[in-house]
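# Structural description and commentary
Now for the letters of each chain:
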Amino acid sequence: MEDFENEVPQEVKLVVTEEMRSYFYDMSKWARFLSVVGFVLSAFLTLSSFGIGAAITANPAMLNQLGPLASIGATGITIFYLLLALLFFYPSLLLFRFSAKGKQGVLFGDQENLNDAIANVKSLFKFWGILTIVLTISYFLLILTIAVSSVGVK
């Protein structure tokens, strides 16, 4: 056990094969496509947020058609759609950065761009991981709230 503590760590050398470079290049192209689609969806959601808010303000009868969402009003719906647009924008930005840096890194053998590309993928997975945790906890709390409120109704 003590032998491991006294050892000097050796630098790990990884070999990037041509097959791996090909995979990375293909991933960069798909990431670019997905990021552009995400940017377009984000733009549509942003435009929709202001359009829906203005339509509800102009015609309050539309608010009645929203059911439970009617309680947050036109401003609440605008903010909800803007948050949804941001939720699409940030991962799309990370994918776009990955695509640009990854393509540069693979085509020109640039280690710094390849490192930046991998850092963006790490940030993307971290974002989705945190979002997944938040949504899972929210669903659990929602189910718990419904269960507690249904017990109180009897």
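Residues numbered from 1 in each chain as written. Predicted model: local features only at pLDDT ≥ 70, side-chain atom pairs only at ≥ 80, totals over all residues. Heavy atoms only, no water.

By the naming in an unreviewed UniProt entry, the protein goes by DUF5362 domain-containing protein and is assigned to Pedobacter riviphilus.

Now for the pattern of salt bridges. Using the criterion set out here, one finds three salt bridges in the structure. In this structure, Glu18 and Arg21 form a salt bridge, with 3.7 Å as the shortest nitrogen-oxygen distance. Here Glu18 pairs with Arg21, and both are found in helix H2 (residues 18–58), just three residues apart, close to one helical turn. The class for Arg21 is partly exposed, based on a relative accessible area of 27%. As a salt-bridge pair, Lys29 and Asp26 come within 4.0 Å of each other at their nearest N and O atoms. (Salt bridge = Lys/Arg side-chain N within 4 Å of Asp/Glu carboxyl O. Helix = DSSP H or I, 4+ residues; strand = E, 2+ residues; numbered from the N terminus. Buried < 20%, exposed > 50% of the residue type's maximum accessible area, 1.4 Å probe, protein only.)

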